[in-house]
Each structure stands twice: as structure tokens, then as C-alpha cells.
Amino acid sequence: MRWWVAVDWIEDLIREGEKSVDEVEVFYVEGTSVSADLKQKKVNLATTSRDCGLGIRTIQTGRIGSSSTNDPDKWRDCLAAAIASGKLSTPLPWGGLPEPVSLPSSPLSFDPALECDPGIARDLVQQMLEGAAGHPADITSGSASLSVSSVTLANSHGIRYESHHSGVSLSLEAIYRQSTGYEFDHSSYLGDVDPRNVGEKAAFFACKSADGKDIPTGDYPVVLSPLAYAELLGNVFVPALNGRSVHSGRSRFATSLGESIADPRIQMYDDPLLPRAGGSTRWDAEGTPTRRIDFIRDGVLQSFAYDLRTAYRYDKKSTGSAVRGGFGGLPAIGHHNFIIDGKREQILDERVMYVHNVVGAHTANPMSGEFSVEISNAFWMEDGSFEEPVRSAMMSGNVFDMHKDIAGMSKESRAVGSLILPSIKINKQRLIGK
Amino acid sequence: MPGTKYYDLRHVTGQVTHIDIDNGVVESAGTSFFNKAVLRVLNRTGWGVIQIDNYTPCTGRKFEDLIESAQKLAGITEEIVELGNVPHGILPVPPMKEDPRSVSIEEKSALLAGIEEAARHPLVTNRRANYIERIEQVHFTDSSANEYSYEMCRSGFNVLAVASRNGNVQMGYEREHTIHGFDLRHRQEYGKKAADIAVALLDASAVKGGKMRAVLDPELAGVFAHEAVGHASEGDLIHEGSSVLKGRTGEKIGNEILTIVDDPSLSEFGFDPVDAEGTAVKRTEIISRGVISAFLHNRESLAAVGNGIAGHARAMPGEPPLVRMSNTFIENGDATEAEIFAECKNGIFLKGSRGGQVDPGRGIFQFNAEYGYLVENGECTKMIRDVSLSGEILSTLHRITLCGNDRKMSPGYCGKGGQSVPVSDGAPHVLLLDAVVGGSGLD
């Protein structure tokens, strides 16, 4: 999209920057989105956005400077700010930005049929409402949004990469008496989301959780849904695999490389090349070609995630893990499609406490791993069917230690943000009753 | 414009300066720029909203084209929206003691390094300090010829210390953010405190979960007010039917000593001179002496729900406004800290917070304390590691039985609908009976 238009000023920017610094990197994102938001059962708000972001990095003798703006016409000011910023940063070992390599140009997470059309957003909302209609719950709010964006990366070494991304995202909230239900779905491909299912599940959980009973404090066999598991994993476990956190002493795994840190059936890896997955990309936010990273193989910690600056600093190789937050954000270590896998089995054949969601996972301690959260939409489950709902209880434990006691993984996985994960079973999980 | 009931445009330009120091290394420092606008047009049946990056103010045909596109978009809406009548007006932005723009980034960086350096300790494996300064120029106009412009500067710092011993990793985290100007001078004690807490937590123990008496410090009690009452009183949630406080105006849900307020006009971190819809801001007593008194509203929820005060619409630059809290607090009571501990007798004293979360429809909230102490015979004894509490909106407030007279506000950010806005929470020390504590301790 418009590469030949964009290229002129990007080339000018790089040439101008090279007069003052060793290397220049330009990251430019353009996108549009449309959404329809519900208030109860009616669309109350329709939104379109047109976003753009320019992020510039400059490197001069190991000093990295950066700045960003969403006004690309002001690239000269932004470049000057980046160069000024570089003068403040501490010089670090640096081996250069990547050279260009030949990569397939076919997109991994782009649906050419996805259009940012308000009518489509309205139809998706309508289908969610239809899905919910089979249950007596009231809809409180919901949203359907569609987005497309193009990302351009260019640097002093001749990298000129461009990629296209698309996304569709759905959510619905329902209430039945004093019981709430929430469901969502997202994908890069319009045809991969199931709006009726989102509606059905949100309304089902609201209704099925009504009139829950209290439970006594104790250790329970618990199954965490992918959503509940993702909340704990994403807030605590995943950040501990970040190479910068590891080497600067902010990770519990700092000295655990090669050690068993999880049940031997567990595999965790980043697969940036997974077709149709939301985070898929052939190059990371700095232009390093991406590849699969095995963090945990058979329960043993194998690798951490690195971007260029952390890799050069600690004498490692970039794992192609640089990502950028939002439009024009600076690169930082992250992941593309973080996958939890392992031996899949039937985990719902015995009586277990099923926890669909948790409240307050962001307050877990990211260093020690300790958490205590309120559980939501929790049920005693027998032979895979939702039986007695639990009114309210807290769940406490340690996210790191929990991974040594995982007793099983469900056969199905689902994407929750950039994590792709199954339900997990824990044989003895502390629940605190009211 | 035919068919248009109302429109408003909120244009925000500004710059963000940040410094990140990690174990003595200036990882990054510098300034970025932004320019964002949001145009909202109200049709007979709902809102058409256009979010525009890099907006150039325009008039005449160009502006009319924008209005037209928003109207077209509103064509898919189907709910009749009315707007409440509200007072307009803007408060002066409190003057800054020292404008951060008058301080060079080199000096800021040196001062921040001093705070980070103060977290040095043999058991501290990582020290990290961040400075953030955000200056926004806001310009608001609407179809009723209201027009406001103001500039706000928010700045502050965080310092983190991570202590580690034999695989036990603990953290101390201190922060200070303000609207009153440059605040990095003479703040080294924050670095030392972060380190002292991280190190002390290495010897703290996990608390055993269950019901107990809890004394909450002003910061934690502020988070409690925010999660237990603030969100559930937001008019948009009441309107949607996702708050247990819906239809309960006038109902007594707490003790006489309990008054909870949201006040965007207060000169604290959540201050707004005017709300994001041009409505004048005003102190709103959500709970007055234990009774539900007023909901927080924007113009739409005021018209739909009533029983409250508008002026609580807030937005990130370029985003549509939502009903939000600003400065939320429990009013002072008349108990002294000593009386609160004496009355607690045996329980826990909890301090600090990494925040909380609420499901307002279900009426259940969770909030976290960074650390605390066992209280035995009215005295603080053994240190305990981070724990969380959960509660039920409709019953927990009755269990606040004592409020101190030492209210203090703490700055932070609050997330809702994908938007994060600056807020402050506060309270005096309070006594909470039958607190449900989630801990993994076993003894």
C-alpha cells in the first residue's frame, strides 16, 4: 500500500540522518479501523479511526537514540529529537542493524477480504446478539471491530520491508440477575471468528453461574480455562523469559537455564511463522528474520527472548523477538505467537472445579510469582458438563510453582491475545472460600 | 447540519519525555510528539465518531465533510440518545512550582540516576528508575459554541528494586506523580525505601488465607474505594445494567462514618479543569454517610439514568470520552491511628497496592496489597508478603467500622475500555472487619 509514495520521504530521512549518525532505522505504520459498540441490545456508537505512527532510531557509537510522532510531515523534528536522545543514552556494545535478506512476500496474517466497513461491524454485532438470544440473560455491552494496517521498516543497510495485517475482534458482556458472563474472539481473518458462539457463550456463562454456592477453603482439583490460564501466564510467566529482565536481575529464571522448571510434559515456544495466527510476521520490529524459539522443551528451560540491543550487550544472538507497542512505539522484547503445548488428554472426565476467568491477575507479583485472585464463572464440572456454580472464592498460589504441578492439558487450544493455549488441570489448587 | 443533534471535537497535541535508567545504564531518554483528535457527531439514533491522527484544524467545507462522514457512520446506530443539560465552564489549571520544560533533560537524567543509585544494596540485583513527563495542549469545541483550551503537564517517576536470595525474588516499588511541576529534586529516599522493602520482603512470610480484621493504609484504602465503589457508580455501567448499584439511590450500604467522593476539581493527579465533553467539573459525593447519594455521569448517562452529577467524562487523546473516576477518596473520620490498631487487636495491617479489579455487575472486587504486618494485641509484628483481598460491594462497606483522620492521596492510572487515564485514590487509615484475604500460606 502506497510504498512508492512513502519511499521518498523515508529515503530522504535516512540520508539526512546518516549525515549525523552511523545508522538510522525508520518504522512507519498506517492503519484504519472501524467498530460498532453496543449499549444493551442496540448499537450506540460507531467509530472509525485513521492512525499513523513514525518511529525513528539512530545509533552513533553504541548510543541509541529514539523518537516518534504521528505526523510524518514533521520527520525532520522527529529525527533531530532522536539524535538528541542518543546523546543522553549510555554507550553499549553494538554490532549494527540487520542487513536485508530475501524473505517470502506472501503475508501470514492478512485477510484481503477483510474490509473496514461499518456495515460488516454491525452485522457481526447482530450475529452475536442472535447467538445470545437462546438464553434469558440481558446483554449489557459488546463490540465488533475490524482493522487493517501496513507496516514499513527501513534502515541504513538497505532493509526496505513492508507487511500487511488485518484483524477482527469481537466481545460481548451479559448479565443474568447478579451473575455476569463475558466472551470474545479475535483473528486476522474475518471467516475465522464465530460471532454466534461469542454471543452464546457470554449469555450461557451469565445464566449458568447464577445462584452459585459458597465453598469451604481447601485444596481442589482445578481446571483453568485458556482465558484464566492466559491471565496468570501473561502477567507473570511470559515476562520472566524476557532476556533483558533475565540479565538485569528481574527474572526468577535468571539462573535456571538448562534446569527443569515445569512438568516434563510441557513445551512452550514462540512460532512467528504460524499461518493465520494474529502475531505472525517474517521479520521482527528491528528487521531480524523471525524463527521458532523453544523456551521450554520437556519442562526444561532452553532459551530466553532477545532483541538486538540486549543480545549485543550480553553476547547473545537476537532471537527476532523485538516487537513494538502501538503506533510508533519503540522496539522492546516480546513474542509473536506464544504457544503452550504438550501431551493432550481428556482432563474433564473426573469431578473438577472449572475456572473460566479470574479477576485481578495483573496484581500478581511478577518477580515472586505469587498471586491471589477472585475466580469468575467457576463450576463443579462432572464428565465435561457444567454443574454447580460457585458464588465467589479466591484462588491463591505461585504461577512459577504451579507449572511443576500441571496434571494435564486439554485437547483443544485457543488464542487469547498473542498466547495460544489449552485448558490446564492442577490437582491441588488452594481456593479460599467466603 | 440536518439530522445532527450535536457534535464536539477534542484536539490534543503534546509531547512525552521519558528517561529509563536500568542498573546505572541510561537505556533510553528523549522526547516524542503526538497530535490526535476525536470528532463525535450525535445523530438522532447514536454516535458517529471519527478518530484522527495528525489533525489539522479546519473550517468550512473541509470540516463539514468530516461531520458528514461521522453522520454517515452513525447511520448504523439505533439507540435514541439524549444529552443531559449541564453547566459549562473551566477551572484554572493549578500553577506549577517549577516547569519541567525549564530543566534540561541532562539534569533530569542526573537527578533520576540519584534516585536509582539510592536503591543500591548488596542483596538488590536490579534497580530501575523511570521518569515520565507528559504535556498536553487540549482544545475543545462543540456545536453549542462552547470552546475551551488548556495545557496540562503531568510528570513523575517510578523506582523499582529487586532483591534476590537463594531463588527467592522480591520487589519494592515506589512512585510519585504530580500536576504541580518538576518533582525529581531531593527524592533519593524513594530509591532507598524501594530497596529496604525488597530486602525486608525476603524474610517475610505468606499469609494464610481466610477472614480476618484488616487495617488498610491510606493508599490501599484508596484503591479499595476505587474498586469497591467508584467503578460501580459510573453512570455508563448503571445505564447498561452492569452495576449492582443500579436503582439503589438512597439505600444505605455502609456505616454512618463512611463518605466516598470523586472530585475532578481537586488539585490532585486526577485533576481535570473541564471534562472531555466541556462540562464543568464538580465534587460528587457517591456515598454520603453510608447512603448511595450520586452516580458519576457524562451527559448521555445523566439523561438516561439521573441521580448523579455530570462532569466525569474523560478520554485519552484521540479517544471517545467514557465515564471515569478522577480523584476518588474516603473522607476523613475522627479515629486516630492508635485507636484503629487497638480496635483491630488481632489481624493484619496492609500497605501499598499494585491495583485491583472489579466485576461491577456481579458486585465482586479484588485488590492487592504489596506487603503488610501481622497485628497482634494492637501491635505490628511479623512482616507478610503481598496478599490480595476480595469483597462484595453490597456487604463490604458495612464492615468499614473506623476511619482515621489522616487522609492521603496516591497517584496512579486507571484502565477502562482500552483507555488509561491519570487518577488519584486516597483515604485515611481504615479498619475493615471480616476481610477476605487470599494467601497461600499454610500455618
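Since this is a predicted model, take the numbers as computed values, not measurements.

Cut-offs and rules
Residues numbered from 1 in each chain as written. Chains lettered and ligands numbered in written order. Predicted model: local features only at pLDDT ≥ 70, side-chain atom pairs only at ≥ 80, totals over all residues. Buried ≥ 20, exposed ≤ 12 C-beta atoms within 10 Å, placed from the backbone. Helix = DSSP H or I, 4+ residues; strand = E, 2+ residues; numbered from the N terminus. Arc of directions from axis to C-beta. Expected span 1.5 Å × (residues − 1). Contact = placed C-beta atoms within 7 Å. Nonpolar A, V, L, I, M, F, W, Y, C, P; charged D, E, K, R; others polar. Pairing = 2+ DSSP bridges. Domains from an automatic or database assignment. Axes fitted to C-alpha atoms, helices over the stretch in contact; angles between N-to-C directions.

Draft legend 1. Main features of helix α7 (residues 337-344) of chain B. Turning to α7 of chain B, its buried residues are Ile340, Phe341 and Cys344 of chain B. Looking straight down α7 of chain B, one finds its buried side chains confined to an arc of 95°; they lie on one side.

Draft legend 2. Seen up close, helix α2 (residues 105-117) of chain B. Here α2 of chain B spans 18 Å end to end across 13 residues, near enough to the 18 Å set by a 1.5 Å rise per residue. In this structure, the buried residues of α2 of chain B make contact with α2 (75-88) of chain A together with β1 (6-22), β2 (25-42), β4 (124-142), β5 (147-165) and α3 (188-201) of chain B.

Draft legend 3. Summary view of the interface of chain B and chain A. In this assembly, 68 residues from chain B lie in contact with 68 residues from chain A. Among the elements that line the side of chain B that touches chain A, the one with the most residues is β2 of chain B, at 12 residues. Class assignment for the residues of the side of chain B that touches chain A results in 22 nonpolar, 33 polar and 13 charged. Pairing between strand β2 (residues 42-60) of chain A and strand β3 (residues 47-53) of chain B: six bridges, direction parallel. Following the sheet pairing, Arg50 of chain A is matched in β3 of chain B by Ile52 of chain B.

Draft legend 4. The domain arrangement of chain B, seen in detail. Residues and elements named next belong to chain B. Looking at the assigned domains, one finds that chain B contains domain 1 (6-201) and domain 2 (208-440). Each of domain 1 and domain 2 has a C-alpha centre, and these two points are 22 Å apart. At the interface, 38 residues of domain 1 touch 27 residues of domain 2. Going through the elements one at a time, β1, β2, β3, β4, β5, β6 (168-178) and α3 are the ones with two or more residues in the side of domain 1 that touches domain 2. Of the residues contributing to the side of domain 1 that touches domain 2, the split by class is 21 nonpolar, eight polar and nine charged.

Draft legend 5. Broad picture of the sheet that holds strand β9 (residues 284-288) of chain B. Residues and elements named next belong to chain B. One open sheet holds the six strands; their spatial order is β10-β9-β8-β15-β24-β23, and the pairing between them is mixed. If you trace the sheet from one side to the other, it starts and ends with β10 (291-292) and β23 (408-416), each paired once. Bridge count between strand β8 (residues 260-262) and β9: three bridges; the pairing is antiparallel. Note that in β9 the partner of Val261 across the bridge is Glu285. Strand contacts of helix α4 (residues 218-230): β8, β9, β15 (327-330), β23 and β24 (419-427), with the helix running at about 120° to β24, the strand carrying the most contacts.

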